[in-house]
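A closer look at the structure
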Amino acid sequence: MSDDVANLSPVQMDALREIGNVGAGNSATALSQIISRRIDMDVPRVSIVPLDEVPDLVGGPDTMVVGVFLRVYGKAPSNILFLLPKESAFYLVDMLMGKTHGDTQKLDFMDESALMEIGNILSGAYLNALFNFTNISLLPSIPALAMDMAGAILSVVLVQLGQMGDHALVIETEFKTDDDGIKGHFFLVPDPGSLDIILQAVGVS
Amino acid sequence: MPELIKVGMADYKVGRAPDTLISYGLGSCIGISLYDPQTKIGGLLHIMLPDSNQSRANENRAKFADTGIPDMLEELIRMGAAKSRLVAKLAGGSQMFAFANASDIMRVGLRNASASKEILKKLSIPIVGEDTGGNYGRTVQIDLSTGVYKVKTIDKGDKEI
C-alpha cells in the first residue's frame, strides 16, 4: 500500500533512513575528494511531507536555487534532485574551476557542465551504496540543470507524485563544507510503486 | 488594509478588493485567475495536473484543471460574482528540464495549459491574458482592485497580463 505513503511504519522509516545514510555517506565522500574539503553530513531526514510543503524544506517555493535533476531507471524508478542555494552553487563552481571565492556571479556553459557532473558523481555514489544495501541495480539518466525558483524546480518531481497521492516520501540529506560555504540538499524521491520494492529488498515490506 | 493571500500548490483562494492573491514558484503548474471586474471578486487556482480522471488520487479537487476550475467558479458565484462577467487569465506550464527523450510527465506543463484553456472554453469564460510555456519558474499574483495579473520571473523579466 504505497499509494499513500503516509502510513509507513517506524521500522520502515528507519530502514529508509539507513538507506539514505549509506547513500549520502558515499556521496559526501565523493564530493569531499573532488573539492579536497571536509564535508559534514546531517543524519538523513526521511519525511513524509504534504506535496505543497516540500519546497519549504529548502527555504520556500520562491527561493533561488540551482537544481541538478536525474531520472533513475531500473527496478525501483526514482528521481534524484540535488539542490543548492544559488550562493552555494557559485562557491562550488569557484572551487571546481580553481577560481577565487566570489568570482562566479553567473553560470556559463562550463560551470553548468561542472555542476551537472557533480550531480552525476553524487548520484552514482548514492546509487552504488543503495545497490550494496538492497541489491537493486539502478541507473541514473544524464543530468539536467536549472537555476530557478525552488518551487518550480521541485514541481518536476511533485507532479509525478501528485498523480498517485498527496504526500511525498523524501529521503533528504544536507551537506556542508567545513567552512559552511556550501550547503546542498540531496533528495531521493522514489516513484510511488518503487517504495514497496525497496522496502521488500531490505526485508521490511 | 489590503491583504496578501497566499495560494499553495494544489489549492485555490478567493477574495475581493483590495486583497491580492499570490502563488509562488510555479513550474509546470498553472496559476488560473477568474475575476469579475464589476464586483471585484476573484480567485486564483494553482493546479498541478490536467485531468482528475487520469489520477489515482483525486480527492483534492484543486490539484486538477478539470475539477479545480469549476469548484473555484462555483465559490465565486456564491460570493456574488456573475459568471457572465468573469474573465480568466493564466500563467505557468513550463518545462523546467529539457530531456531529449522527455516522457509525457515531463511535458505536463504543456498539457496543463491546454487542458485549462479547454475547460475555460467549455465554461464560456473568455481568456483575456496568458503567459504559458518556456523553461523557467514564475511567481504570479492578481490584484483584486484592478484585475491586473502580474508574472514575476528570476531572469526573464516581469510582466502584466
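Residues numbered from 1 in each chain as written. Chains lettered and ligands numbered in written order. Predicted model: local features only at pLDDT ≥ 70, side-chain atom pairs only at ≥ 80, totals over all residues. Heavy atoms only, no water.

With an unreviewed UniProt entry as reference, chain B is termed Probable chemoreceptor glutamine deamidase CheD, source organism Anaerovibrio slackiae. According to the UniProt record, the Sequence similarities (unreviewed entry) comment for chain B reads "Belongs to the CheD family." Under the Catalytic activity (unreviewed entry) heading, UniProt states for chain B: "L-glutaminyl-[protein] + H2O = L-glutamyl-[protein] + NH4(+)". (UniProt positions renumbered as here; feature names shortened; annotations may be inferred.)

In the nomenclature of an unreviewed UniProt entry, chain A corresponds to Chemotaxis protein CheC from the organism Anaerovibrio slackiae.

Turning next to the packing of helix 1 (residues 10-35) of chain A against helix 5 (residues 192-201) of chain A. Residues and elements named next belong to chain A. Interaxial distance between helix 1 and helix 5 falls to 10 Å at its minimum, and their mutual angle equals 90°. By the angle between their directions, the pair helix 1 and helix 5 is classed as roughly perpendicular. Between helix 1 and helix 5, the residues in contact are Gln 12, Leu 16 and Ile 19 and Leu 195, Ile 198 and Leu 199, respectively. (Axes fitted to C-alpha atoms, helices over the stretch in contact; angles between N-to-C directions. Helix = DSSP H or I, 4+ residues; strand = E, 2+ residues; numbered from the N terminus. Parallel < 35°, antiparallel > 145°, perpendicular 65-115°, else oblique. Contact = heavy atoms within 4.5 Å.)

Moving on: helix 1 of chain A. When the terminal C-alpha atoms of helix 1 of chain A are compared, their 36 Å separation across 26 residues agrees well with the 38 Å that a helix rising 1.5 Å per residue should span. Once helix 1 of chain A finishes, Ser 36 of chain A follows within two positions and takes phi at roughly 50°, a positive value. (Expected span 1.5 Å × (residues − 1).)

A few words on the sheet that holds strand 8 (residues 138-143) of chain B. Residues and elements named next belong to chain B. Across the sheet, which stays open at both edges, the five strands sit in the order 1-3-8-9-10 with mixed pairing between neighbours. Unpaired on one side and paired on the other, strand 1 (4-6) and strand 10 (159-160) mark the two borders of the sheet. Where strand 8 and strand 9 (residues 148-152) come together, five bridges link them in antiparallel fashion. When the bridges of strand 9 are listed, Gln 141 appears paired with Lys 150. (Pairing = 2+ DSSP bridges.)

So, on to the nonpolar core. Core analysis: the biggest nonpolar cluster contains 48 residues, and Met 48 and Phe 97 of chain B have the highest contact counts within it. Considering every element that reaches this core, the biggest residue donor is helix 4 (residues 150-162) of chain A, with nine residues. When near neighbours in sequence (up to four residues on either side) are disregarded, Met 48 of chain B contacts Leu 51, Leu 158, Val 159 and Gly 162 of chain A together with Met 9, Ala 10, Cys 29, Lys 63, Val 108 and Asn 112 of chain B. Counting residues in hydrophobic clusters, the runner-up holds 44 residues, among them Met 13, Ile 35, Val 93 and Phe 175 of chain A. (Core = buried A, V, L, I, M, F, W, Y, C linked by side-chain atoms within 4.5 Å. Buried < 20%, exposed > 50% of the residue type's maximum accessible area, 1.4 Å probe, protein only.)

Residues and elements named next belong to chain A. The positions that UniProt labels "domain: CheC-like protein" (unreviewed entry) are, in the present scheme, residues 12-48 and 110-143. In residues 12-48, helix accounts for 65% and strand for 19%; the two terminal C-alpha atoms are 12 Å from one another. As annotated, residues 110-143 has a helix share of 74% and a strand share of 9%, and its two end C-alpha atoms lie 14 Å apart.

Right, let's get into the pattern of salt bridges. In the structure shown here, the tally under the stated rule is 14 salt bridges over all chains. Asp 111 of chain A serves as the salt-bridge partner of Lys 99 of chain A, at 3.9 Å between the closest nitrogen and oxygen. Of this pair, Lys 99 of chain A sits in the loop between helix 2 (86-96) and helix 3 (109-134) while Asp 111 of chain A sits in helix 3; the two residues are twelve residues apart in sequence, bridging distant segments of the chain. According to the relative accessible area criterion, Asp 111 of chain A is buried, its value standing at 2%. The partner of Glu 74 of chain B in a salt bridge is Arg 78 of chain B, with the nearest N and O atoms 3.6 Å apart. In this pair, Glu 74 of chain B and Arg 78 of chain B both sit in helix 1 (residues 65-79), four residues apart, roughly one turn of the helix. Salt bridges sharing partners connect three or more residues here, namely Asp 131, Arg 138 and Lys 159 of chain B. (Salt bridge = Lys/Arg side-chain N within 4 Å of Asp/Glu carboxyl O.)

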